[in-house]
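Listed below, chain by chain, are the residues.
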Amino acid sequence: MSAEMLPLALAVVAFLYGAVGHAGATGYIAVFALAGLSPELIRPSALMLNVGVAGFGTWQFCRAGHLQWRQFWPLLPLAVPAAFFGGWLDVPTRGLRVVLGLVLLAAAVRFLLQPRDPEAVHPPGRSTLLGVGGALGLMAGLTGTGGGVFLSPWMLLRRWCSTRQAAAVSVVFILMNSIAGLAGFVRSAQVLPPLPLSWVLVVVVAGGLGAY
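Caption draft 1: Structural context of the overall build of the protein chain. Helices and strands together make up the secondary structure of the protein chain, namely ten helices and zero strands. The buried share of the protein chain, taken over its 212 residues, is 47%. Relative to all contacts within the protein chain whose residues are 6 or more apart in sequence, the contacts with residues 24 or more apart total 81%. As displayed, the protein chain has an accessible area near 10300 Å², and 69% of this comes from carbon and sulfur atoms.

Caption draft 2: Region of the structure containing the side chain of Ser178. Structurally, Ser178 can be placed in helix H9 (residues 163-187). A relative accessible area of 0% means that Ser178 is categorised as buried.

Caption draft 3: How the structure looks around the nonpolar core. By size, the foremost hydrophobic cluster in this structure holds 46 residues, and its most contacted members are Leu10, Tyr28, Phe32, Phe72, Leu75, Leu151 and Met155. A total of nine residues in this core trace back to one element, the largest contributor, which is H9. Ignoring anything within four residues of it in the chain, the contact list for Leu75 reads Leu129, Val132, Gly133, Leu151, Val169 and Phe173.

Caption draft 4: Region of interest: the packing of helix H5 (residues 76-88) against helix H7 (residues 126-143). Relative orientation of the contacting elements H5 and H7 amounts to 20°, with a least axis distance of 7 Å. Classified by the angle their axes make, H5 and H7 are roughly parallel. The interaxial crossing formed by H5 with H7 has right-handed handedness. Listed contacts from H7 to Pro77, Leu78, Ala79, Ala82, Ala83, Phe85, Gly86 and Gly87 of H5 are Leu130, Gly133, Gly134, Gly137, Leu138, Gly141 and Leu142. Looking at the contact of H5 with H7 residue by residue, the class counts come to nine nonpolar, six polar and no charged.

Calculation criteria
- Residues numbered from 1 in each chain as written.
- Predicted model: local features only at pLDDT ≥ 70, side-chain atom pairs only at ≥ 80, totals over all residues.
- Heavy atoms only, no water.
- Helix = DSSP H or I, 4+ residues; strand = E, 2+ residues; numbered from the N terminus.
- Buried < 20%, exposed > 50% of the residue type's maximum accessible area, 1.4 Å probe, protein only.
- Contact = heavy atoms within 4.5 Å.
- Areas by Shrake-Rupley, 256 points an atom, 1.4 Å probe, with all protein chains shown as cover.
- Core = buried A, V, L, I, M, F, W, Y, C linked by side-chain atoms within 4.5 Å.
- Axes fitted to C-alpha atoms, helices over the stretch in contact; angles between N-to-C directions.
- Parallel < 35°, antiparallel > 145°, perpendicular 65-115°, else oblique.
- Left-handed = near helix turned anticlockwise from the far one by under 90°.
- Nonpolar A, V, L, I, M, F, W, Y, C, P; charged D, E, K, R; others polar.

Written out as structure tokens, the structure reads:
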């Protein structure tokens, strides 16, 4: 992929992911890999873009009234420190990305079979949310994503809430985990890659438009 096409590709990813309550990390990882960015720089670069897009998306989904914060806040207490720890670790993530692919495939099959919100939802208990949040937070930090790509399909497959509510919860989850993952990356004495400001602005604006 040419350097001229890179900002456009990142903006398209941000727009499409933003529309469903995500920030685009898995898409950024794919784009950066196609562009030949070194593996050591891909994870923190994706997390930095995630923070900007998820911040804008959080504002949009909250403003629209889709966030059920009182019900789903227990996802965060274990997720954030786990994402920090995952960002601090420097381990091969190939196996985790296989899991990511399987989660996405399961979600796609679910929507092919039932492309609508569930007729009845079954919100989980706090202990379940704490455990799921911690596990997905760790995976988020390890893979350089915010974890929403794991969380929203799981919430919909388990019929915890409607699609828009899952998107709203996921974008907050992504924002907090992305910040924590970046902090863990920096704490491990690794240097953040320089991203051109123009790229960041284009991606954040595209993600905000998608969330809107």
